[in-house]
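Breakdown of the fold
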Amino acid sequence: GAFGYFQFMPSTMKNFAIDYDKNSYIDLKNNNDAYASAANYLNKIGWNNEEPCFYKINLSNEVPKKYLNVSAKKLVEKRKLSYFRKYINNDSIIDNKYDNFVVSIITPDKDIIPDAQNLSPAYVVFNNYEIILKWNRSLRFSLAVCTLKDKFKNEL
């Protein structure tokens, strides 16, 4: 089963856990080893420091439903951000330098919260978000990790 603060599976522990505090013991219930191991894991599976994780967006009512991902199993209908801008009412919050990045739109509440809206909350997600989905196939988990990463200095 999974172990430690970040619920590493045994193979993940073996391949990615590190002894950050150099005490000759990897302790995934120790902040230093746990956070360093999580960062090491994400780095090794493809995290890109030059790319954001997500932006919370306000979607236009005209967005075709086929572009809205409600499941973490596989994000579909990916497009360049520049394509999706016409459906994002607050697109000015997203730097134009990301226009050629391939992104998806997620609306994570639709399938898990009774009477949830189709268009809100909504997020445009980048490859770093999908890197986290490799760790845990939950749209909400990925949002939480992406949110937390902005709170740490020297992350990944």
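For the structure itself, look to the data block above.
So, here is what we can say about the structure in this document.

**Overview of the pattern of salt bridges**
When charged atoms on two side chains of opposite charge get close, those side chains can pair. Considering all chains together, one arrives at four salt bridges under this definition. With a closest N to O distance of 3.1 Å, Arg-79 and Glu-77 form a salt bridge. For Arg-79, a relative accessible area of 28% gives the class partly exposed. For Glu-77, a relative accessible area of 28% translates into the label partly exposed. Notably, a salt bridge pairs Asp-99 with Arg-85, separated by 2.5 Å at the nearest N-O pair. Residue Asp-99 is located in the loop between helix H3 (81-84) and strand S4 (102-106), and its partner Arg-85 is located in the loop between H3 and S4; the two are separated by 14 residues in the primary sequence. Judged by relative accessible area, which is 18%, Asp-99 ranks as buried. Connected through salt bridges with shared partners, the residues Arg-85, Asp-91 and Asp-99 form a single ionic network.

Here is what the cut-offs are and how they apply
- Throughout this description, residue numbers start from 1 for each chain and increase along the sequence as written.
- The predicted origin of the model limits local features to residues at a pLDDT of at least 70 and limits the giving and counting of side-chain atom pairs to 80 or more, whereas totals for whole chains, interfaces and linings rest on all residues.
- Excluding hydrogens and water, the side-chain values take into account all heavy atoms of the structure.
- One side-chain nitrogen of Lys or Arg within 4 Å of one carboxyl oxygen of Asp or Glu is enough to make a salt bridge.
- Only protein chains enter the accessibility calculation, which uses a 1.4 Å probe; a residue is then buried when its area is under 20% of its type maximum, exposed when over 50%, and partly exposed in between.
- Helix and strand labels come from DSSP, where a helix needs a run of H or I of at least four residues and a strand needs a run of E of at least two; each type is numbered from the N terminus.

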